[in-house]
2 protein chains.
Amino acid sequence: MPRRIVIQQSVMAADEKIAARIRKDLSQRGVLMLNLIGSPGAGKTALLESTLTGAPFRSVVLEGDVATSRDAERIARTGTLVIQINTKGGCHLEAHLVDKALEGLELDGVDVVFVENVGNLVCPAEFDLGEDHKVAVCSVPEGPDKPLKYPHLFSQADAVLLTKVDLLEHLDFDRDLFWGDVKDLNPRAQMLEVSALRGEGVPEWIAVVDRWIRGKRS
Amino acid sequence: MPRRIVIQQSVMAADEKIAARIRKDLSQRGVLMLNLIGSPGAGKTALLESTLTGAPFRSVVLEGDVATSRDAERIARTGTLVIQINTKGGCHLEAHLVDKALEGLELDGVDVVFVENVGNLVCPAEFDLGEDHKVAVCSVPEGPDKPLKYPHLFSQADAVLLTKVDLLEHLDFDRDLFWGDVKDLNPRAQMLEVSALRGEGVPEWIAVVDRWIRGKRS
C-alpha cells in the first residue's frame, strides 16, 4: 500500500450528522473504525506500530495531533497508509476533520480505520467521530488512579488497554485498583494489558480487533 | 495551618477580567501564584507533595480535577491547606473557579498559591487564571517529543520541569532532543530535572519558587 502524509487544518463545525454519515458509509463498506484515546505519551502510536506490523487485517491510520507530523512519519515507516490531521491547537478531533481525511481515500480492501486522537484524556471522549468503538489507552507510569479521575472516557470505551506493562517491575502500580475501578465504571469493556516494547498482549489485542471486524460483517 | 477540603463545581463564564483582578489582588498582598500544567500522570501532585514538605515558604494549594478529591487528600496529608476544584467534566480550570476557591481563604502569611490544573497538555494553557507563572510539567515516560507536539504550553511556561527522571535508566529517552526543543520554543524558561521519588532536583525547584516570591516583593 502506498505511503502518504497529508497535513490538514481544523475548522469548527457542528458535526453530529457528519459522524452519523461516516458510520453509515463505513458500515456499508464493512470497514471498522476505532477511535484511540489516551494521554500524551500513553503509547498510542507505539501500540499502532506493533498492531500494524503483526495484524492479519489491512489498515489505514488517521493521526490526530495538535502539531507536527512525527506520529504519521512513524506509522508510515510500517508501510501503512496514514493521513496526518493537525488540529493547530485544537484539543480533540471532530467528525468533519475525519470526514475530510477519509475523502478520496481508497478503502477497497481495507478492514479497519484506526484513528489516533489528540493526546488528551478529557475532550476527545466528548466527540463522536463515527467510530464503531472508542478504545481507552492508559499507561502504567500515569498511575492507577486515572479511571476514576477521568471517568467519562473509561465509562464509554469498549476496550481499555493498559500499556507499558514492561514498566510494572520498576513502578509501584496497583493493578487491582486500576482494573477494579475500570470494572466498576464499565464492566463490559474488553480489558487488556500490553507492552508494545516486548510485544506482550499485542496478539490478544489484534484478536479483539479481528473479532470486531468479523462481527461487523456477519 | 488547618486542613480543609471543599468540592466545587464548574460554571461557564467569560473571565479574563476575573483573572486580572486575581492577579492584582494577590500582587497587592505579595502572594505568588503558580499554575502547574501537565498531562494526566505527569507527576504534578507528587511534585507538590515533595515541594510542600521541603519548602521554607508557606503555601496553599488549589487542586483541579475532572472528578474525585484524591489529589487534595494527598496534599492534605502534608498538612497544607488545600481546596479541591472539580470541573465535572471540564478539561481545564478557569479564573472564576479559582476566584471562588480563593474567596474566604485566609491568605495572611501565605507566600504562594500553587494551582494544580486538570491533567491535560492542551486546553489549560489557553486560560489565564491570574497566575504569575505557568509551569509545564512533563514526565520522562511521556517521551521526548512532547514540546514540539504540544508547543503552546512549552512556549508560554516560565519553567519547564522534566519529572520522573529516576526512570531515565529504564527508558530510551533522548534528553538532548527534549531540552533542545524546549530551548528552541522558549529559551528563557527555567529548565529543571526532578525526581519526586528520590528528591533529586526538588531543592533547585524550591529555590526557583523562592526567587520568584522574593522577586515579586522586591
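The following paragraphs examine the structure supplied in this document. (Residues numbered from 1 in each chain as written. Chains lettered and ligands numbered in written order. Predicted model: local features only at pLDDT ≥ 70, side-chain atom pairs only at ≥ 80, totals over all residues.)

**Looking at the interface of chain A and chain B**
The accessible area lost on association of the parts is a frequent measure of interface size. Facing 30 residues of chain A, the contacting portion of chain B comprises 30 residues. Those elements that provide at least two residues to the side of chain A that touches chain B are α5 (146-149) and α6 (151-156) of chain A. In terms of residue count, the dominant contributor to the side of chain A that touches chain B is α5(A) (three residues). Looking at the side of chain A that touches chain B, its residues break down into 13 nonpolar, ten polar and seven charged. (Contact = placed C-beta atoms within 7 Å. Helix = DSSP H or I, 4+ residues; strand = E, 2+ residues; numbered from the N terminus. Nonpolar A, V, L, I, M, F, W, Y, C, P; charged D, E, K, R; others polar.)

**Description of the environment of A157(B)**
Residues and elements named next belong to chain B. With respect to the element layout, A157 can be found in the loop between α6 (151-156) and β6 (159-163). Taking the number of C-beta atoms within 10 Å as the measure of exposure, A157 has 27 and is therefore buried. Linking A157 and A136, residues 21 residues apart in sequence, is a C-alpha distance of 5.8 Å. (Buried ≥ 20, exposed ≤ 12 C-beta atoms within 10 Å, placed from the backbone.)

**Re the sheet that holds strand β6 (residues 159-163) of chain A**
All names here are of chain A. If you trace the seven strands from one edge of the open sheet to the other, you get β3-β2-β4-β1-β5-β6-β7, paired in parallel fashion. In this open sheet, the two strands that pair with only one neighbour each are β3 (81-86) and β7 (190-193). Shown here is a sheet whose adjacent strand axes are inclined to one another by a mean of 20 degrees, direction ignored. (Pairing = 2+ DSSP bridges. Axes fitted to C-alpha atoms, helices over the stretch in contact; angles between N-to-C directions.)

**Remarks on the environment of L47(B)**
Residue and element names in this part refer to chain B. Following the sequence through the fold, L47 ends up in helix α2 (residues 44-54). By the C-beta count within 10 Å, which is 26 here, L47 ends up buried. Distance in space between the C-alpha atoms of L47 and G64 is 15 Å, their sequence separation being 17 residues. Contacts of L47, omitting those with residues within four sequence positions, involve V137, L161, T163, V194 and A196.

**Focus: the environment of L161(A)**
All names here are of chain A. Within the element layout of this structure, L161 appears in strand β6. On the neighbour-count criterion, L161 (29 C-beta atoms within 10 Å) is buried. Residues L161 and H92, spaced 69 residues apart in sequence, show a C-alpha to C-alpha distance of 20 Å. Setting aside its immediate chain neighbours within four residues, L161 contacts L47, V135, A136, V137, L192, V194 and W205.

**As for the relation of the copies chain A and chain B**
Superposing chain A onto chain B takes a rotation of 180 degrees combined with a translation of 0.0 Å along the rotation axis, leaving an RMSD of 0.0 Å. Accordingly, the operation relating the two chain copies is best matched by a two-fold axis. (Least-squares fit on C-alpha atoms with pLDDT ≥ 70 in both.)

**Looking at the pairing of strand β3 (residues 81-86) of chain B**
Residues and elements named next belong to chain B. For β3, a buried count of six out of six residues is recorded, marking the element as mostly surrounded by other parts of the structure. Residue alternation in β3 divides its side chains into two sets, L81, I83 and I85 and V82, Q84 and N86, and both sets are buried. In terms of strand pairing, strand β2 (residues 59-65) meets β3 through six bridges, oriented parallel. Looking at β3, one finds that E63 is bridged to Q84. Of the crossover connections in this fold, the one passing from β2 over helix α3 (residues 70-76) to the parallel β3 is right-handed. (Right-handed = clockwise from strand over helix to strand, strands pointing away.)

**Structural notes on helix α4 (residues 95-102) of chain A**
For an α-helix, the turn length of 3.6 residues means that residues three or four places apart are oriented alike. Residues and elements named next belong to chain A. Considered for burial, the residues of α4 that qualify are A95, L97, V98, A101 and L102. Buried residues of α4, seen end-on, are gathered within an arc of 160 degrees and therefore sit on one face of the element. A positive phi of about 75 degrees marks G104, the residue just after α4. (Arc of directions from axis to C-beta.)

**Some remarks on the sheet that holds strand β7 (residues 190-193) of chain B**
One key point about sheets: their strands pair by backbone hydrogen bonds, in either a parallel or an antiparallel sense. Residues and elements named next belong to chain B. Taken in spatial order, the seven strands make up an open sheet running β3-β2-β4-β1-β5-β6-β7, and their pairing is parallel. The strands lining the two open edges of the sheet, one partner per strand, are β3 and β7. On average, adjacent strands in this sheet sit at an angle of 20 degrees to one another, irrespective of strand direction. In the sheet, β6 pairs with β7 via four bridges, with the strands oriented parallel. In the sheet register, L161 faces β7, and the bridge partner there is L192.

**Some remarks on the pairing of strand β2 (residues 59-65) of chain A**
Looking along a regular strand, one sees side chains alternate from face to face of the sheet. Residue and element names in this part refer to chain A. In terms of residue burial, β2 counts as a mostly covered element, since seven of its seven residues are buried. Covered by surrounding structure in β2 are S59, V61, E63 and D65 together with V60, L62 and G64, the residues of both alternating faces. Inspection of the sheet shows β2 paired to strand β4 (residues 112-116) by five bridges, in the parallel sense. Its bridge partner lying in β4, S59 is registered against V112.

**Things to note about helix α1 (residues 16-29) of chain A**
Residue and element names in this part refer to chain A. With 14 residues, α1 should cover 20 Å at 1.5 Å per step; its first-to-last C-alpha distance of 20 Å lies within 8% of that length. Within α1, burial applies to I18, I22 and L26. Buried positions in α1, seen along its axis, are confined to an arc of 60 degrees and lie on one side of it. Every exposed residue of α1 that faces more than 90 degrees away from the buried side is listed here: E16, K17, K24 and Q28. (Expected span 1.5 Å × (residues − 1).)

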